[in-house]
Amino acid sequence: MRKTIFDLLNRKGTLPVSMLTAYDYNTARAIDEAGIDMILVGDSLGNVMLGYENTLAVTVDDMIHHGKAVCRGAKEAFVVIDMPFMSYQASVEDAVRNAGRIIKETDCQAVKLEGGVEYADRIRAIVAAGIPVVAHIGLTPQSVNALGGYKVQGKSLEQAHKLLEDAKAVEEAGAFAITLECVPEALAKLVTEQTQALTIGIGAGKYCDGQVLVYQDMVGYRDGFTPKFVKKYADVHSVMLEAFRQYKQDCEQRSFPEVSQTYKIADEVMETLTKEQHQIRTYNHESSKDRKGGKRDCSRLAQGRTDSRTGAHDGIPA
Ligand code: KIV
């Protein structure tokens, strides 16, 4: 049975909630089968699936396209889809319209948006439309240019105050969960204790009500930089690289495909086909000689027929 917002809220202060990102059907199937509670179709899609440098170019259509595939794969997990950059920043109307589109067109259970105090009115309006909202505060990648890079947030007293205010504002606006990204553990613990909403940490320590990771990071699907907060549970990149290299070698050495990967045809059918091909080649050869000599006799080909039951062609036994 599909997990509900109430199942998740009941976990506050009890069993921590698990969440992973997914962007396609098969990954969603596997995450769901593993019993992970929540799936996030993150706008990290831009970096980890589409090859952009950041999340800013991701569109609502991108999120819906990938979100639909994930929703088809997730039978029990609670699916949240990110609202991408500029789908809610300009106005409350945009926020409600785009959140509505995401819910209507994908069948997901909630949307997530970045920002605290300054976007509380968007959260309030989306929740009023009957759509559950996950807030996202701390490091908000859509503001990477304003933040001057991907940095830990909330380390200074001023920043810590801002984080607490943001958490309070989004909770009051009706967010049922708050993603805390790249926040010191002690501060995330304080936020978790001060809010009724579920806190879901990414780089925010172990005291949050749940954890989320980008799945490519935790299975080692991506080559290159891995953030400090990621625990790598597998090295999928190496496994794939080795498989691709082996395949290339097999292709070049004709050791793939093997008999077990090959389809057969009955010997009689092949014999008939070979005879037919031989006759056609002979005919073409002769008629090209005729053409050079100015004559062309098509009567033999026109008469040529293969008996589909015996395979005999032009009376020649199969
Ligand atoms: O887009 C995303 O994957 C996210 C996570 C980093 C929480 O927002």
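Student: Help me understand the overall build of the protein chain in this model?
Tutor: The helix and strand tally for the protein chain stands at 13 helices and 8 strands. For 318 residues, the compact-globule estimate of 2.2 N^0.38 gives 20 Å, and the protein chain exceeds it by more than 25% at 31 Å. The principal-axis extents of the C-alpha atoms in the protein chain amount to approximately 100 × 40 × 40 Å. Taking all 318 residues of the protein chain together, 36% fall into the buried category. Long-range contacts, defined as pairs at least 24 residues apart, comprise 57% of the intrachain contacts of the protein chain with a sequence gap of at least 6.

Student: For this particular structure, what's the right way to read the confidence of the model for the protein chain?
Tutor: It should be kept in mind that the predicted coordinates are not to be read in detail where pLDDT is low. Confidence in the prediction of the protein chain, expressed as mean pLDDT, is 93, and 92% of residues score 70 or more. The secondary-structure element of the protein chain with the lowest mean pLDDT is helix α13 (residues 299-303), recorded at 49, while strand β2 (residues 38-41) shows the highest, at 99.

Student: Can you help me understand the site of the ligand in this one?
Tutor: Around the ligand, a shell composed of Thr21, Leu40, Gly42, Asp43, Ser44, Asp82, His136, Thr179, Glu181, Ile202, Val212 and Val214 is seen. Tallied by class, residues from the shell around the ligand come to 4 nonpolar, 5 polar and 3 charged.

Student: Looking at this model, I keep getting lost on the nonpolar core. Mind explaining?
Tutor: A general trend in soluble globular proteins is that nonpolar side chains are found buried together. Ile39, Val79, Val80, Val111, Val133, Val170 and Ala175 are the most contacted members of the largest nonpolar core, which totals 71 residues. Looking at which element gives the most residues to this core, the answer is helix α8 (residues 157-173), with 5 residues. If we ignore the near neighbours within four places in the chain, the residues touching valine 170 are Gly116, Ala120, Ile123, Ala135, Ile137, Ala175 and Ile178.

Student: Would you take a moment to explain the environment of leucine 198 for this structure?
Tutor: Within the element layout of this structure, leucine 198 appears in strand β7 (residues 198-202). Separated by 58 residues in the primary sequence, leucine 198 and threonine 140 place their C-alpha atoms 18 Å from one another. Setting aside residues up to four positions removed in sequence, leucine 198 forms contacts with Leu8, Leu9, Lys12, Val17, Phe176, Ala177, Asp209 and Gly210.

Student: How should helix α6 (residues 120-128) be read in this particular structure?
Tutor: Count 3.6 residues to each turn of an α-helix, and residues three or four apart come out pointing the same way. Listing the buried residues of α6 in full gives Ala120, Arg122, Ile123, Ala125 and Ile126. Buried positions along α6 lie against α5 (92-106), β4 (110-114), β5 (133-138) and α8. Looking one or two residues past α6, glycine 130 carries a phi angle of roughly 90°, positive in sign.

Student: Sorry if this is basic, but what is going on with the packing of α8 against helix α9 (residues 185-194) here?
Tutor: Contact geometry of α8 with α9 gives a least axis separation of 10 Å together with a crossing angle of 30°. Of the possible angle classes, the one that applies to α8 and α9 is roughly parallel. Between α8 and α9 lies a crossing of right-handed hand. Here Ala160, Leu163, Leu164 and Ala167 of α8 come into contact with α9, specifically with Leu187, Val191 and Gln194. Taken together, the residues of the contact of α8 with α9 break down into 6 nonpolar, 1 polar and no charged.

Rules and cut-offs
Residues numbered from 1 in each chain as written. Predicted model: local features only at pLDDT ≥ 70, side-chain atom pairs only at ≥ 80, totals over all residues. Helix = DSSP H or I, 4+ residues; strand = E, 2+ residues; numbered from the N terminus. Rg over C-alpha atoms; globule rule 2.2 N^0.38 Å. Buried ≥ 20, exposed ≤ 12 C-beta atoms within 10 Å, placed from the backbone. Contact = placed C-beta atoms within 7 Å. pLDDT = per-residue confidence, 0-100. Near = placed C-beta within 6 Å. Nonpolar A, V, L, I, M, F, W, Y, C, P; charged D, E, K, R; others polar. Core = buried A, V, L, I, M, F, W, Y, C linked by C-beta atoms within 7 Å. Axes fitted to C-alpha atoms, helices over the stretch in contact; angles between N-to-C directions. Parallel < 35°, antiparallel > 145°, perpendicular 65-115°, else oblique. Left-handed = near helix turned anticlockwise from the far one by under 90°.

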